[in-house]
Amino acid sequence: MPQFTARAAIAFPNIDAYLDQIAASLAAHNMDVQADGDGYDVRSAFGTAHLETAPSALHLLVQAEDPAAFNRMKHDLTSLIDFVARSEALTIVWTGDATGAAPPPDLRILTVRTVHDLTPRMRRFTLQGDDLGRYAVSDQIHCRLLFQEKGTHSPEWPHLGDNGRILWPAAGKLATRIYTIRRIDPASGTLDIDFFMHGGKGPGVKWANTASPGDIVGILGPAAYGPKPADWVLLAGDETGLPGIARILENLPASAQGVALIEVADTREEQPIEGPSGVEIRWLHRNGAASGTTSLLADTVCALDLPADKTGLFFWGGAEFATFKTMRTYLTQEIGLPRSRIVAFSHWRRGMSEEEIAEAGASAISA
């Protein structure tokens with residue numbers, strides 16, 4: 001039986017408008033979510049939860065067997081519900097067992113082993129760490145990296161409190177960014193992360209500009225869907241979606257059919273990718289235009305001659321918000337592809353940092 005139990009009763013007048021989106025967000029963060037009456041049962045590696053609606057309210061129940069997993073479950077529900085329903089300004093207060101601050105149970109400390117430039121603007125880091133098995137999940141392919149300042153000899157990492165919130169080190173909040181796990185080999189304790197060196201000033205590019213073998217970085221996750229079984233696949237993305245597309249292509253069955261559309265700056269940004277012979281890889285070049293400023297990728301998706309029978313078709317996409325929105329709207333409203341056959345992400349939004357998106361909530365990157 002679970003050792004620890006906590007509950008939260010959230011005043012939530014518009015819960016009916018958000019419940020399905022909350023459930024989808026939990027499922028996209030490596031949890032099994034099943035509808036149950038007026039709510040959902042949730043299971044993860046850390047514990048269990050139950051979400052149940054009431055008039056103008058959402059009731060949460062969390063159970064886990066150890067303190068770190070217990071606080072991780074509370075954090076997952078607190079942060080994801082808050083992000084999805086940011087405009088509702090919810091107050092989430094947990095009652096029940098309290099265990100004190102604990103480190104995230106999924107936190108792993110990685111060391112840079114090698115650094116290699118795949119193209120002029122795509123840099124690969126091979127990272128080494130222990131106990132990486134939880135990250136080798138085919139349908140959850142993203143992670144969050146936590147960056148330490150170069151030269152840090154006694155790194156401090158965040159903890160999770162009884163209230164489900166992050167407790168940052170005394171030195172301050174660590175910079176973080178979300179990336180795709182391009183390749184992972186738990187047996188050797190290595191994984192690859194490809195950084196798009198876009199010339200910006202964000203913490204990921206800052207770290208990647210100076211990181212060298214021996215430097216450390218933290219990782220949390222995994223999250224964000226990968227592919228679903230399909231007879232015909234359509235993959236589409238810019239440089240931020242490229243690592244995900246490449247990973248999906250390399251793991252598709254040999255019988256797979258379809259098209260992969262990859263938007264990059266120019267021919268120098270093309271890279272070798274292995275995939276089934278039946279999936280065409282088509283590179284799209286902006287030729288001088290900045291990323292996120294053209295409709296090249298969306299226009300190409302909308303002009304494709306897709307199979308007449310859509311029942312076996314699956315779409316995976318990752319790109320800037322406007323492109324993501326256009327592609328998903330076209331596929332759902334014009335083509336009639338069910339949302340269950342679509343996994344699409346707004347990997348970034350032109351003019352907004354990740355911190356600004358986190359402050360604005362899910363509406364800033366969802367269509």
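For every chain, the first residue of the written sequence is number 1, and numbering continues from 1 along that sequence. For a predicted model such as this one, the threshold for reporting local features is a pLDDT of at least 70, and the threshold for listing and counting side-chain atom pairs is 80 or more; totals across whole chains, interfaces and linings nevertheless cover every residue. Just so you know, side-chain values use all the structure's heavy atoms and leave hydrogens and water out.

Undergrad: An account of the environment of H285 is requested, with residue identities and associated values reported.
TA: Per the convention used, a helix needs a DSSP run of H or I reaching at least four residues, while a strand needs a run of E reaching at least two, with both numbered from the N terminus. Assignment of secondary structure puts H285 in strand β17 (residues 279–285). For H285, a relative accessible area of 23% translates into the label partly exposed. In this structure the C-alpha to C-alpha distance between H285 and E269, which are 16 residues apart in sequence, comes to 8.9 Å. Not counting residues up to four positions away in its chain, the partners in contact with H285 are V264, A265, D266, T267, E270 and L296. Any pair of nitrogen or oxygen atoms within 3.5 Å is treated as a polar contact; in protein, a donor-acceptor pairing is required on top of that, and neighbouring residues in sequence qualify only through side-chain atoms on both sides. At 2.7 Å, the side chain of H285 forms a polar contact with the side chain of E270. For every residue, the accessible area obtained with a 1.4 Å probe (protein chains only) is divided by the maximum for its type, and the residue is called buried under 20%, exposed over 50%, and partly exposed between those limits. Contacts are residue-level and defined by heavy atoms, with any inter-residue pair within 4.5 Å sufficient.

Undergrad: Residue-level account of unusual backbone geometry, with values.
TA: Residue P222 is reached from G221 by a cis peptide bond, and omega for that bond is 0°. Topologically, P222 is positioned in strand β14 (residues 216–225). Positive phi values are uncommon outside glycine, yet N30 reaches one of about 65°. Following the sequence through the fold, N30 ends up in the loop between α1 (15–27) and β2 (32–36).

Undergrad: Talk me through the packing of aromatic side chains; I want residue IDs and the actual numbers.
TA: Only the six-membered ring of Trp is used, alongside the rings of Phe and Tyr, when aromatic pairs are assigned; centres must lie within 6.5 Å, and planes under 30 degrees apart are stacked while those over 60 apart are edge-to-face, with the rest tilted. Applying the stated criterion across every chain, the model contains nine aromatic pairs. Ring pairs connect the aromatic residues F125, F147, Y179, F195 and W207, which therefore count as one cluster.

Undergrad: Mind laying out the environment of A101, listing which residues take part and the relevant values?
TA: Here A101 shows up in the loop between β6 (95–96) and β7 (108–119). In sequence terms A101 and G164 are 63 residues apart; their C-alpha atoms lie 9.6 Å from each other. Sequence-distant contacts of A101, that is, excluding residues within four places in its chain, are made with N71, H159, L160, G161 and L167.

Undergrad: I'd love a proper account of the nonpolar core, names of residues and values included.
TA: With 34 residues, the main nonpolar core has F12, I22, L26, L58, L60, L77 and I81 as its most contacted residues. Contributions of two or more residues to this core are made by β1 (4–11), α1, β3 (39–43), β4 (47–54), β5 (57–64) and α2 (67–84). Ignoring anything within four residues of it in the chain, the contact list for I81 reads F12, I22, L58, L60, L90 and I92. To form a nonpolar core, buried Ala, Val, Leu, Ile, Met, Phe, Trp, Tyr and Cys residues must be joined to one another through side-chain atoms within 4.5 Å. One finds F196, I245, I248 and L252 within the second-largest nonpolar core, a separate group that totals 23 residues.

Undergrad: Could you give me a rundown of the packing of helix α5 (residues 296–303) against helix α6 (residues 321–334), with the residues and numbers involved?
TA: Under this scheme, a helix contributes an axis fitted over its contacting stretch, all axes are lines through C-alpha atoms, and angles between N-to-C directions fall in the 0 to 180 degree range. Close contact between α5 and α6 brings their axes to 9 Å; oriented N to C, the two are set at 10°. By the angle between their axes, α5 is roughly parallel relative to α6. Each of L297, A298, V301 and C302 in α5 lies in contact with α6, whose residues at this interface are T323, T326, M327 and Y330. Tallied by class, residues from the contact of α5 with α6 come to six nonpolar, two polar and no charged. When an angle is under 35 degrees it counts as roughly parallel; over 145 it counts as roughly antiparallel; between 65 and 115 it counts as roughly perpendicular; any other value is oblique. Gly falls in the polar group here, along with every residue not listed as nonpolar (Ala, Val, Leu, Ile, Met, Phe, Trp, Tyr, Cys, Pro) or charged (Asp, Glu, Lys, Arg).

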